[in-house]
There are 4 protein chains.
Amino acid sequence: MVEDFQVRTDLALEARESYEEDDIRIRGVRIEEEEDKEREIYTSVVRIETENGAKAMGKPVGTYITLEAPNLSAPDEGCHREISEEIARHLRALLGEGKRSVLIVGLGNREVTPDALGPNVVGNLHITRHMIREYGRACGDTDEVSVSAVVPGVMAQTGMETLEIVQGIVRETKPDLVIAIDALAARSTRRLNRTIQITDTGINPGSGVGNHREGINQEILGIPVIAIGVPTVVDAATIVNDTMENLVEAMDRSESMQQLGGMLGTLDKAEKHQLIRELISPQLNTMFVTPKDIDDTVKRLSFTISEGLNLCFAGQQNKV
Amino acid sequence: MVEDFQVRTDLALEARESYEEDDIRIRGVRIEEEEDKEREIYTSVVRIETENGAKAMGKPVGTYITLEAPNLSAPDEGCHREISEEIARHLRALLGEGKRSVLIVGLGNREVTPDALGPNVVGNLHITRHMIREYGRACGDTDEVSVSAVVPGVMAQTGMETLEIVQGIVRETKPDLVIAIDALAARSTRRLNRTIQITDTGINPGSGVGNHREGINQEILGIPVIAIGVPTVVDAATIVNDTMENLVEAMDRSESMQQLGGMLGTLDKAEKHQLIRELISPQLNTMFVTPKDIDDTVKRLSFTISEGLNLCFAGQQNKV
Amino acid sequence: MVEDFQVRTDLALEARESYEEDDIRIRGVRIEEEEDKEREIYTSVVRIETENGAKAMGKPVGTYITLEAPNLSAPDEGCHREISEEIARHLRALLGEGKRSVLIVGLGNREVTPDALGPNVVGNLHITRHMIREYGRACGDTDEVSVSAVVPGVMAQTGMETLEIVQGIVRETKPDLVIAIDALAARSTRRLNRTIQITDTGINPGSGVGNHREGINQEILGIPVIAIGVPTVVDAATIVNDTMENLVEAMDRSESMQQLGGMLGTLDKAEKHQLIRELISPQLNTMFVTPKDIDDTVKRLSFTISEGLNLCFAGQQNKV
Amino acid sequence: MVEDFQVRTDLALEARESYEEDDIRIRGVRIEEEEDKEREIYTSVVRIETENGAKAMGKPVGTYITLEAPNLSAPDEGCHREISEEIARHLRALLGEGKRSVLIVGLGNREVTPDALGPNVVGNLHITRHMIREYGRACGDTDEVSVSAVVPGVMAQTGMETLEIVQGIVRETKPDLVIAIDALAARSTRRLNRTIQITDTGINPGSGVGNHREGINQEILGIPVIAIGVPTVVDAATIVNDTMENLVEAMDRSESMQQLGGMLGTLDKAEKHQLIRELISPQLNTMFVTPKDIDDTVKRLSFTISEGLNLCFAGQQNKV
């Protein structure tokens, strides 16, 4: 049974795919896909609509938008403006009417390259709350959203749960909405640094590179929380697992390998996973896998996301 | 009259000195000095005891300890351990009994070298709150203080008053005490980077390199706030003023200069200051003066202060 | 006489202005000005054509292009693309035909905010030398210039003259051209962060925030050296001097001040400057003045300049 | 046969261990071990003395000193002074008499946390070359070594081979000795961040986190090159391989597994490795595995190593 084997992914898209392999349709989960061939953007929207769907997917009820662009991490003269525009468009749809103030939270550790996505995004934002409080909204532009932001740091640096810091600031400054940016763990190296997930379910326990212990979501904060994430690492244990799965699959498929696999071939999926788990070094659980050029990639992705936020929250006159 | 002329200093020691020049003793202000010749540490304790004293000094009622060490910013094999020990000793005296948890706040802008003192200090702290919450205090060591820390950023980065962030976190995590670290503005280049001020009055409006608009002190937070500061900049206007003062003084003193000064010599102090103010470019008010080797200096000073805090809050067994 | 009074400026434009005040036309110096009102870019080209002109200006023979844009340091959606394009245009004109490889040198100290311009610019460049060496120039694009870059650090960090490092690398890698990026000292706070100077005279002793002791120019390296600089600081002594000049001028102009100035009014310019110098604290010579928002400003300017370089050296197909 | 299977390690200690498992003694390789129980430092000295030994070990002829300390990456009040002293002692022995000037090269990418070891070490060094050139050696201290340092950056940032930069600087500044600091790849997660390797063979092609393409060693530079390295990553492919090896071993050992392994058990080592290689995703070759707390660890290790260098090169009077 799949659900008692834990290969971690923060992407709803990947959670769904593991089902597809088993050729199962899940009730309570709807999926739409869209392909923009010209701009090479592939969009999936996974809607988990019932508690049953949530349980099956291992993710809370809500909407998960995934933008994939094969060249997202490659240099580009306009810094992937087309992706920034897509982010802005989806954000506007998710946040609905009447939001006048937003707190953007850059989660993660600025000292660890693949975890610095959130802090980097915050570093490029147009912050306006203090200006609006001092001088009012730009003339006639009653749509301008007041933007504040914070980089709370990680528990090893602060001694506090990220939630404690965010909760405190939300209670004090009363934004209408929180947007949390975080680096994610993917299940597959194939998705690293070319996928952006936007969800209205916020941050949930165990997600992110740093594995948040407590969620940052509407249930807890009392206001909507949108999370934007990019997978920048794969858990080390996952990498190993993948290769082992390849072995198991190879054994199942090829004739000579079946022979080779001998009794291994007779184990069911759960027994095979049990075997794999036993062979993986426990130290791997505190380790992650990331590409060597992660510095460049995170810099670029951060810029693209912060521009998406800037486009979304700039006043009427600048809207796309 | 001195008090209507604003040359900014965050150091109580300098506020006092401006009086000495005028040869005035201030009621409600007590001063003790101590010289440790061997270790080359000069300690002044200014106690402002009455509202009258506070008004005269332009600083709130409280205790201001100043450590001066001529070589504080110079390289030193042990990173000025002797100063770290002095900081720990004074902190313990100021914070008294029964403090079980402290929130250390690294004020200032980590992107501006002379203002990065607070963020740098926090980067070297031994953070223990999360460990104590998970595993309890180290065995038998009931004295261990739970240490948490945060770098709130500056208003241009967050859109929020630093106070809003600190207030929110204090309400959520309920420490017994806040210690705020901040880079200060001195009145004189002579004191830059060789003076550490420790005070139980917290941070007050207009202080720090970034000029806080609201205070972070016991009156506002409801718990004791100790501030540790090092002057790393001089306001640009102050530098100019100093030179002009030299001119005015020279005119007053030397015979030929008196002649030279002509009617300038007949102006009283306030009139002279008025004249100086008019000559100073208004742009200078958003500028600061700092030494070219400020990167090295701030790195060293941050380490010395964080070691002082680590010594102070380490459990019984590690105490000096 | 002006030339024996040293107020430091790295801008040829300012060196010229100090003459204008004295209403002197300098032989051997030609000046062209251009105003692009729509894009709000003011361009001056100062051509020092003879040794006489060089001596009078205190700058080597060569071309000094200055772009001024009042809003250069302000946020802008396109990161001042119009300035990047101007930089690319002027660079192409200066470097002439046949340059196939360029070494870009990011001078300055990345740890000191206003001096980090050069290192920051290098961080945003499209580096191509290693790709071209591995795979050849992009197909058919024989115009593509091979770009390499280095951040040599400052003497306090390396123990070496910047020239030694650059000279060594030039001898080893044999580029056709060096472009050096450096933060400059201006004479006036008015020009800070809104002026870009491009010159074919390279870097000369005493210039830059860090005051290079040896030049980096064609005479020494044997290949053309273009320098791009932005004034981000004013020397502390200059600020003081400016205010004193205001005093001296006020004394000269107003009747009551003349009276006030008394004998001061009878001093000639050189004597007044002598007086000012004596009053300025010697410590000020190791200090600089910079605006409080220098972090944001340097980040923006660096991006604009690196985009100018990227535009200039991208292959044929991407040219503006 | 082991030598045609490539599991990468930069540690001579690990290269030796892979032989021990096969119970082979290698001619031309001598090993000494020393255990300092009180200070918990384990020292191994591997001397590769012949070309035969070099071929067998896959490492050049020379001396490889490895310090292991289980708590090296843990916080420690004195920043592991005892290890710094050991580093200084071994360095002095390796560099012999008559060295008057050293160039310390901080290899690696300061933007990628586990690769920032070299740049961080250089940031904490006492640089003296420029002082000695200006003022001479400290009085009477004819032993003082002139220290210069450089952080050359990585090829993606510079477009140049590290060797080109170092070679150029060596030719220009003519040091007696180069010391290169680099983050290494280990074969096993067990050794990460608790092992320091010092060798007189310099840096050789394919070593380091960034996999240098050309060596930096005496053969090429013409002066002695000492390399100091700490393993901070494991290649992703190695991690996977390790688990697969566990599987293969388990199959070889246990009876039930032998049955389970079936024909797999009949493959020889090379055939098994071939199988493993085929199953590993090719993307893994550009990825590395590193612990989540790598930021803290690299900061600490860098400090310990730079203090070792500072102790080694401080003049007579400061020697341990």
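In this numbering scheme, every chain counts its residues from 1 along its sequence in written order. Written order decides the labels, with chains lettered from A and ligands numbered from 1. Predicted model: local features are reported for residues with pLDDT of at least 70 only, side-chain atom pairs are reported and counted for 80 or more only, and whole-chain, interface and lining totals are derived from all residues. The side-chain numbers reported here are obtained from all heavy atoms of the structure, hydrogens and water having been left aside.

Focus: the overall build of chain A
What counts is decided by this rule: Segments assigned H or I by DSSP are reported as helices when at least four residues long, segments assigned E as strands when at least two residues long, and all are numbered from the N terminus. Any pair of residues with heavy atoms lying within 4.5 Å of one another is described as a contacting pair. Accessibility throughout is a Shrake-Rupley quantity obtained with a 1.4 Å probe, and a residue counts as covered only by protein chains that appear here.
Broken down by element type, chain A carries twelve helices and nine strands. Pairs at least 24 apart in sequence give 75% of the contacts found in chain A among residues at least 6 apart. Split by element, the accessible area of chain A, about 13,400 Å² in all, is 47% carbon and sulfur.

Some details on unusual backbone geometry
We note that Glu40(C) has phi near 55°; this positive angle belongs to a residue other than glycine. Its location among the elements puts Glu40(C) in the loop between β1 (29-36) and β2 (41-48). You will see that Asn193(D), though not glycine, has its phi angle at about 65°, which is positive.

Some details on the pairing of strand β1 (residues 29-36) of chain B
Residues and elements named next belong to chain B. For the record, the criterion: Following DSSP output, two strands are said to pair if at least two bridges run between them.
Relative to strand β2 (residues 41-48), β1 runs antiparallel, the two sharing eight bridges. Across the sheet, Glu 34 pairs through a bridge with Thr 43, a residue of β2. Here β1 hands over to β2 after four residues, with Glu 40 in that stretch at a positive phi of 55°.

Remarks on the environment of Glu161(C)
Residue and element names in this part refer to chain C. Convention followed: Partly exposed residues are those whose accessible area sits between 20% and 50% of the maximum for their type, while under 20% is buried and over 50% is exposed, using a 1.4 Å probe and protein chains only. Whenever a nitrogen or oxygen atom comes within 3.5 Å of another N or O atom, the pair is scored as a polar contact, on the condition that within protein one atom can donate a hydrogen and the other can accept it, and that pairs from neighbouring residues in sequence are kept only if both atoms are in side chains.
Relative to the helices and strands, Glu 161 is located in the loop between α6 (155-158) and α7 (162-173). By relative accessible area, Glu 161 is classed as buried at 8%. Not counting residues within four places of it along the chain, the set of residues in contact with Glu 161 comprises Met 155, Arg 213 and Glu 214. Of note is the side chain of Glu 161, whose polar atom sits 3.0 Å from the side chain of Arg 213.

Comments concerning the environment of Glu172(A)
Locating Glu172(A) in the fold gives a position in helix α7 (residues 162-173). Residue Glu172(A) is classed as partly exposed on the basis of its relative accessible area, which comes to 22%. The spacing of Glu172(A) and Ser306(A) is 134 residues in sequence and 25 Å in space, taken between C-alpha atoms. Polar contacts involving the side chain of Glu172(A) include one to the side chain of Arg171(B), which spans 3.1 Å.

Topic: the side chain of Thr66(C)
Looking at the secondary structure, you find Thr66(C) in strand β3 (residues 62-68). By relative accessible area, Thr66(C) is classed as buried at 0%.

Structural notes on helix α3 (residues 81-95) of chain C
All names here are of chain C. This is how the line gets drawn: One fewer than the residue count of a helix, multiplied by 1.5 Å, yields its expected span.
The end-to-end C-alpha distance of α3, which contains 15 residues, comes to 21 Å, matching closely the 21 Å that a straight helix rising 1.5 Å per residue would cover. Buried within α3 are the following residues: Ile 83, Ser 84, Glu 86, Ile 87, Ala 88, His 90, Leu 91 and Leu 95. At the exit of α3 stands Gly 96, carrying a positive phi of roughly 65°.

Some details on the packing of aromatic side chains
We count it as follows: Aromatic contacts are taken between Phe, Tyr and Trp rings whose centres are within 6.5 Å, Trp giving its six-membered ring; a plane angle under 30 degrees counts as stacked, one over 60 as edge-to-face, and the others as tilted.
A complete count under the given rule lists two aromatic pairs over all chains for this structure. With centroids separated by 6.0 Å and ring planes inclined at 20°, the aromatic side chains of Phe303(A) and Phe303(C) adopt a geometry described as stacked. On the criterion of chain membership, the pair formed by Phe303(A) in helix α12 (residues 294-313) and Phe303(C) in helix α12 (residues 294-313) is interchain, its members lying in two chains. For the pair Phe303(A) and Phe303(C), one class covers both residues: buried.

Quick word on the pairing of strand β7 (residues 195-199) of chain A
All names here are of chain A. By the criterion of burial, β7 is predominantly enclosed, with five of the five residues buried. Side-chain alternation along β7 places Thr 195, Gln 197 and Thr 199 on one buried face and Ile 196 and Ile 198 on a second face that is also buried. Pairing between strand β3 (residues 62-68) and β7: five bridges, direction antiparallel. Across the sheet, Tyr 64 pairs through a bridge with Thr 199, a residue of β7.

Digging into the packing of helix α3 (residues 81-95) of chain D against helix α12 (residues 294-313) of chain D
All names here are of chain D. Threshold: Geometry is summarised by axes, namely lines fitted to C-alpha atoms with helices restricted to the contacting stretch, and by angles between N-to-C directions that run from 0 to 180 degrees. Reported orientations rely on four angle classes, namely roughly parallel under 35 degrees, roughly antiparallel over 145, roughly perpendicular from 65 to 115, and oblique for the rest. Two helices that cross are described as forming a left-handed crossing if the nearer one is turned anticlockwise from the farther one by less than a right angle, and a right-handed crossing if clockwise. Each residue gets one of three labels, nonpolar for Ala, Val, Leu, Ile, Met, Phe, Trp, Tyr, Cys and Pro, charged for Asp, Glu, Lys and Arg, and polar for the others, Gly among them.
Packing of α3 against α12 leaves a shortest axis separation of 8 Å and a crossing angle of 50°. By the angle between their axes, α3 is oblique relative to α12. The two elements α3 and α12 cross, and the hand of that crossing is right-handed. Of the residues in α12, those in contact with Arg 81, Ile 83, Ser 84, Glu 85, Ile 87, Ala 88, Leu 91, Arg 92 and Leu 95 of α3 are Thr 304, Ile 305, Glu 307, Gly 308, Leu 309, Leu 311, Cys 312 and Phe 313. The class makeup of the residues in the contact of α3 with α12 is ten nonpolar, three polar and four charged.

Section: the environment of Asp242(A)
Residue and element names in this part refer to chain A. Tracing the backbone shows Asp 242 in helix α9 (residues 236-253). On the accessibility criterion, Asp 242 (21% relative accessible area) is partly exposed. Here the alpha-carbon distance between Asp 242 and Arg 100, two residues 142 residues apart in the chain, equals 45 Å. Setting aside residues no more than four positions away along its own chain, Asp 242 makes contact with Arg 187 and Ser 188.

Some words on the pattern of salt bridges
Any two side chains of opposite charge can pair, given that their charged atoms come close. Residue and element names in this part refer to chain A. To keep it simple, the criterion reads: By convention in these notes, a salt bridge is any Lys or Arg side-chain nitrogen within 4 Å of a carboxyl oxygen on Asp or Glu.
Going through the model one piece at a time under the given rule, you end up with 61 salt bridges over all chains. Here Glu 32 and Arg 47 are joined by a salt bridge, their closest N and O atoms 3.2 Å apart. Taken together, the residues span a long stretch of sequence, with Glu 32 in strand β1 (residues 29-36) and Arg 47 in strand β2 (residues 41-48) at a distance of 15 residues. A residue is classified by how much of its surface remains accessible, and Arg 47, at 25% relative accessible area, is partly exposed.

What to know about the side chain of Thr304(A)
Residue and element names in this part refer to chain A. Position of Thr 304 relative to the elements: it lies in helix α12. Under the relative-accessibility criterion, Thr 304 is labelled buried at 1%. When neighbours within four sequence positions are excluded, Thr 304 is seen to be in contact with Cys 79, His 80, Ile 83, Ser 84 and Ile 87.

A closer look at the confidence of the model for chain A
Residue and element names in this part refer to chain A. Put simply, the rule reads: Per-residue confidence from the predictor is reported as pLDDT, which spans 0 to 100.
Of all residues in chain A, 80% attain a pLDDT of 70 or more, and the chain-wide mean is 84. A low-confidence stretch, residues 1-5 stays under pLDDT 50, and its non-local contacts, those more than four residues away or across chains, total seven contacts. In this model, residues 316-320 is a region of pLDDT below 50 whose contacts with residues beyond four sequence positions or in other chains number eleven contacts. Prediction confidence for the complex, expressed as pTM and ipTM, is 0.90 and 0.88 respectively.

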